[in-house]
Each structure stands twice: as structure tokens, then as C-alpha cells.
Amino acid sequence: MASAIFLLDLKGKPLIARDYRGDIPLSAIERFMPLLQEREDEEGTGLPVMTENGVTYLHLREKDVYLVALTRKNTNAMTLLQFLHHLSKVFTEYFKTLEEESIRDNFVIIYELLDEMMDYGVPQITEPKILQEYITQESHILEITPRPPMAVTNAVSWRSEGITYRKNEVFLDVVESINMLVNPNGNVMSSDIQGAIKMKVYLTGMPELRLGLNDKVMFESTGRTAKGKAVEMEDIRFHQCVRLSKFESDRTISFIPPDGEFELMTYRLNAQLKPLIWCESVVESHRGRIEFMVKAKAQFKHRSTANNVEIVVPVPGDADSPKFKSTIGSVKYSPERAAFIWKIKQFQGGKEALLRAHFGLPSIRDEDPERRPPISVKFEIPYFTTSGIQVRYLKIVEKSGYQALPWVRYITKNGDYQLRMPDPLTSGESRLPPI
């Protein structure tokens with residue numbers, strides 16, 4: 001339960017303030033920025049939840065704007081932080097970008113949204129498509145006042161009645177992001193999979209959908225055996241449309257979906273993974289120059305292909321005169337990032353690629369070894385999942401009995417994917433071939 005919601009600029013100056021309960025003076029927001037700076041100095045990072053003098057400050061930063069909720073109650077912090085995320089999502093849906101300028105240009109409609117999305121500090125309607133039906137950015141003639149849709153007072157507040165489509169279709173994407181940290185010897189220090197099931201729904205009426213996954217807990221609870229691999233998902237989080245009681249009783253994901261695009265669920269898998277794209281690097285540092293050799297290998301099945309691969313290799317900040325030679329793709333020096341970027345449009349499984357890079361260095365340099373950031377890799381592999389998660393079925397039931405087409409797609413991509421580099425070799429002659 002929030003007492004007030006504020007939108008602040010980067011200096012902490014209020015752009016928008018909405019007081020819901022009147023139990024906290026609005027001047028309390030003046031302590032937010034000093035408190036945040038104190039925490040950043042002590043902890044090295046700003047904490048999302050801070051308390052002082054009985055007032056709890058919960059915040060979220062988007063570009064040059066802070067969204068801040070204040071409360072005196074012993075409130076569920078995750079509920080308010082989730083509300084701030086929904087608030088950011090709604091503002092982005094309305095104004096395309098959430099920044100100081102768009103807030104100043106749309107303060108009237110922001111106050112309308114704050115009044116509809118929260119009542120006496122309790123979150124209410126957070127679905128952008130429902131809000132857009134009666135809070136519009138167009139002017140209205142006074143006699144024709146827009147009425148809230150029935151969905152606002154229905155049990156299913158995220159979907160309006162009377163939706164029709166000539167062609168009924170459902171698109172489901174299983175998107176898995178790989179988080180990984182690998183040491184210079186090739187040993188995986190940490191790895192996990194962050195998964196999300198995203199949907200685009202174009203269905204007539206009020207359909208009931210049932211989704212079945214190869215969920216290990218479901219197979220164990222029902223005493224059935226999985227035909228293939230079963231996965232054990234952790235930290236599962238659902239969209240509000242999912243019937244949680246049904247899921248808890250028999251692990252069935254049953255829901256009436258919102259119209260259009262939404263994220264049905266997210267999950268996490270702790271797994272010992274090998275790097276899908278492995279980069280082996282050799283660095284040689286000499287007086288007046290530094291040389292790199294990077295070998296990339298696609299360590300997944302031959303029939304899969306990684307698209308839009310980007311390998312970002314850090315270099316000293318004072319490097320200049322770049323020269324590159326690669327067996328595949330293109331290489332570009334990015335001085336503002338102190339790195340060179342190796343782009344490979346398509347990288348087939350089982351293939352290897354080699355890159356040589358040469359940079360000049362100033363003749364007089366600080367002898368202290370500088371901190372060397374890791375190599376980071378971006379990629380996207382369609383029709384491929386690392387975890388082995390599978391959609392067993394997607395059933396669509398609607399009282400009119402129409403036939404609908406479900407489409408399922410799997411995508412694996414990078415999350416926080418980093419490969420640490422070895423220390424530079426400095427002694428003797430260069431062992432790397434010249435470019």
C-alpha cells in the first residue's frame with residue numbers, strides 16, 4: 001500500500017507527485033536523493049528499498065527519470081516495485097519513451113493514469129490495452145464522455161469482451177537467455193538460464209487456453225513418465241491471467257489471455273552449461289604495440305546457426321592505429337567503448353573462426369597493470385533451447401467452437417555472457433604471425 005507516488009528528474013526534483021493517503025508530508029521526498037547518494041557511497045550501488053524516520057522509499061530508474069513510491073505501512077515491497085515496473089510499461093506504451101521531456105509534455109494524462117492505476121494506495125488496473133480504451137490522448141467533446149470498459153469491473157480485467165478476428169491465431173515464443181562467466185582456462189565459474197514465454201494472441205471472444213510443458217514436477221506429482229527430457233523450473237512468475245490455484249493443484253497452466261502481445265511467464269534454471277560460443281584469446285603486449293588473436297568456436301549442433309553474433313573484445317583505452325584480419329565477418333574499432341567488435345552475421349554450429357588484431361600504444365605508459373574487462377558475446381540461435389524445455393500442447397477452447405492456429409517458436413540468446421581474458425604475454429619476440 002503506497003502513500004504517494006513521485007516522478008523525479010536526475011537531480012531529485014519532482015516532476016509529478018500524487019498523494020494517495022495523506023499520512024506522509026510531500027516534503028519527505030526531499031530526503032530521497034541524499035539517502036540514495038549515501039547508500040551508493042556505502043554499498044557501491046543504490047538499493048531499491050531504503051528506510052528513514054519510519055518512511056520507506058522504493059524506487060526504479062528509467063533513463064533520466066526516477067519512479068518513487070513512499071509508504072509508512074509494513075507493505076509488501078515486491079508488490080510496490082512490481083507496480084512501478086507496470087507504471088513504467090504503461091507510460092512507455094502511451095508515450096513511446098519514458099523520459100523527462102515526455103513527462104513534461106503529458107502531465108495531464110499521467111495524473112489520469114495515476115488515478116486509475118492506484119486507489120487509496122492500492123494497485124488497481126495495470127493492463128495498458130484496457131487503460132487505452134478509455135484514457136486516450138485525444139480530446140473529447142464534453143457531451144460524449146468516454147465510459148470505462150466493462151473489463152474494468154469484470155473478474156477478467158485484462159481482456160475486453162466482444163473482440164473479433166477473421167483469422168484466429170496464437171504465436172508463442174520460448175526465449176531463453178544464457179548467463180555465463182568463464183575463466184581464462186575455459187572453466188565455467190557460473191551459469192544459469194533465464195527463460196520467458198511470450199505470446200501474441202489474436203483470438204475472438206473469451207477463449208480459455210491450456211498450456212502443457214515437459215515439467216518435471218508435474219510428471220512426478222501425477223506418477224507419469226516423460227517420453228523425453230523433463231525440466232525442473234525455479235522462480236516461476238506468471239502474468240496475472242494465469243489461474244494459480246489450478247497450477248498449484250495439478251501444474252496446469254490455464255488462463256484467459258489478454259489481447260495482443262504479453263509475457264505469460266518467466267522462469268530460471270540452474271544448470272551446468274558449456275559455452276555455446278567459446279572464445280579463446282591470446283594477448284601479446286610489446287613496447288609501442290599490443291596484439292590479439294581470438295579464436296571463436298560454435299559449440300552447438302551443426303544443424304543450428306547463431307545469428308547476429310557480436311564478440312566485444314576490450315583493448316587499452318590509449319590504443320590507436322587498429323589493424324584487423326579475420327577469416328569470417330567484419331571487425332570495427334569502437335574507441336568510445338575501448339574495444340573492437342567482431343560481427344558475424346551467421347555462425348554455423350561446429351565451425352571455428354579466427355581473428356588477428358594489432359594496435360599501437362604510446363611509448364610512455366603507466367606501468368601498473370590495468371584492469372582488464374572480460375570479452376562479452378551477443379548471439380541469437382533460433383529453433384534451439386539449451387534447457388530442453390518443450391511445449392507439449394497448447395489447447396484453445398472457446399464457446400463458439402472455432403478452430404485456431406497455434407504457432408510455437410524456440411529462441412536461445414545471450415544474457416550476461418562473459419569470457420575472461422588471460423594476462424598479456426610480454427617477454428620475448430612476438431609469437432603471433434604478422435597481419
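Going by the structure above, here's the rest.
Residues numbered from 1 in each chain as written. Predicted model: local features only at pLDDT ≥ 70, side-chain atom pairs only at ≥ 80, totals over all residues. Heavy atoms only, no water.

1. Remarks on a nonpolar patch on the surface
Inclusion rule: Within this analysis, patches are made of residues with over 30% relative accessible area and no salt bridge. Like charges are joined at 9 Å or less; nonpolar side chains (Val, Leu, Ile, Met, Phe, Trp, Tyr) at 5 Å or less. Only the protein chains shown count as covering a residue, and every accessible area follows the Shrake-Rupley method with a 1.4 Å probe. Salt bridges are defined as contacts in which a side-chain nitrogen from Lys or Arg sits within 4 Å of a carboxyl oxygen from Asp or Glu. Each residue gets one of three labels from its accessible area relative to the maximum for its type: buried under 20%, exposed over 50%, partly exposed in between, using a 1.4 Å probe on protein chains only.
Taken together, the side chains of Phe107, Val108 and Tyr111 define a hydrophobic patch exposed on the protein surface, amounting to about 280 Å² of accessible area. Classification of phenylalanine 107 by relative accessible area gives partly exposed; the value is 46%.

2. Examining the pairing of strand E4 (residues 55-62)
Threshold: Segments assigned H or I by DSSP are reported as helices when at least four residues long, segments assigned E as strands when at least two residues long, and all are numbered from the N terminus. Paired strands are those between which DSSP finds at least two bridges.
Counting buried positions along E4 gives six out of eight residues, so the element sits mostly inside the fold. Pairing of strand E3 (residues 49-52) with E4, which is carried by four bridges, proceeds in the antiparallel orientation. Opposite threonine 51, over in E4, you have threonine 56 as the bridge partner. Between the end of E3 and the start of E4, which pair antiparallel, lie two residues, with asparagine 53 showing a positive phi angle near 50°.

3. Section: a negative patch on the surface
Selection rule: The convention is simple: Lys and Arg are positive, Asp and Glu are negative, and His and the chain ends are not counted. Every charge is mapped to an atom, namely NZ of Lys, CZ of Arg, CG of Asp or CD of Glu.
Together, Glu40, Asp41, Glu42 and Glu43 line one region of the surface with negative charge. Mapping glutamate 42 onto the fold places it in helix H1 (residues 32-43). Residue glutamate 42 is classed as exposed on the basis of its relative accessible area of 59%.

4. Focus on the pairing of strand E9 (residues 188-202)
Direction of pairing for strand E8 (residues 169-182) relative to E9: antiparallel, over a ladder of 14 bridges. Of the residues in E9, the one forming a bridge with valine 182 is valine 188. Hairpin connection of E8 to E9: five residues between the antiparallel strands, including glycine 186 at a positive phi of 95°.

5. Observations regarding H1
Condition: Residue count minus one, scaled by 1.5 Å, sets the expected span of a helix. As used here, the arc is the angular range of directions from the helix axis to the C-beta atoms. Note on contacts: a residue pair qualifies if any of its non-hydrogen atoms lie within 4.5 Å across the two residues.
In a regular helix each residue adds 1.5 Å, so 12 residues correspond to 16 Å; H1 covers 16 Å between its end C-alpha atoms and thus fits that length. Those residues of H1 lying buried are Phe32, Met33, Leu35, Leu36 and Arg39. End-on, the buried residues of H1 take up no more than an arc of 160°, which puts them together on one face. Exposed side chains of H1 directed beyond 90 degrees from the buried face belong to Asp41 and Glu42. Those residues of H1 hidden inside the fold are in contact with strand E1 (4-8), E3, E4 and strand E5 (65-71).

6. Description of the sheet that holds strand E10 (residues 208-213)
The strands making up a sheet associate through hydrogen bonds between their backbones, and the pairing can be parallel or antiparallel. Counted only if it meets this: Think of each axis as a best-fit line through the C-alpha atoms, taken over the contacting stretch in the case of a helix, with angles from 0 to 180 degrees between the N-to-C directions.
With antiparallel pairing, three strands are arranged side by side in an open sheet as E12-E10-E22. What marks the edges here is a single partner per strand, and that holds for strand E12 (253-255) and strand E22 (391-397). Looking at each pair of strands side by side, their axes are set apart by 10° on average, direction ignored. The pairing of E10 with E22 spans six bridges and is antiparallel. Paired with leucine 211 across the bridge in E22 is leucine 394.

7. A few points about the side chain of glutamate 208
The cut-off we apply is this: As used in this structure description, the phrase polar contact means that two N or O atoms lie within 3.5 Å; if the pair is within protein, one of them must be able to donate a hydrogen and the other to accept it, and residues adjacent in sequence are counted only when both atoms belong to side chains.
Positionally, glutamate 208 belongs in strand E10. Separated by 2.4 Å, the side chains of glutamate 208 and serine 254 make a polar contact. Contacts of glutamate 208, omitting those with residues within four sequence positions, involve Arg243, Ser254, Phe255, Ile256, Lys395, Ile396 and Val397.

8. Re a positive patch on the surface
On the surface, a cluster of positive charge is made up of Lys332, Arg337, Lys343 and Lys378. In this structure, lysine 378 sits in strand E21 (residues 375-382). Exposure remark for lysine 378: the relative accessible area of 43% places this residue in the partly exposed category.

9. Details of the packing of aromatic side chains
Heads up, the condition is: To pair, rings of Phe, Tyr and Trp, with the six-membered ring standing in for Trp, must have centres within 6.5 Å; the planes then decide the type, stacked if under 30 degrees apart, edge-to-face if over 60, and tilted in the middle.
This model, assessed by the stated rule, comprises 16 aromatic pairs. Residues tyrosine 333 and phenylalanine 359 carry aromatic rings whose centres are separated by 5.2 Å and whose planes lie at 65° to one another, so their mutual orientation is edge-to-face. Linking tyrosine 333 in strand E18 (residues 330-334) with phenylalanine 359 in strand E20 (residues 352-360), this pair joins segments that are 26 residues apart in sequence. Like phenylalanine 359, tyrosine 333 is buried. An angle of 85° between the planes, with centres 5.3 Å apart, marks the rings of phenylalanine 379 and tyrosine 417 as edge-to-face. With phenylalanine 379 in strand E21 and tyrosine 417 in strand E23 (residues 405-419), this pair connects stretches of sequence that are 38 residues apart. A relative accessible area of 3% means that phenylalanine 379 is categorised as buried.

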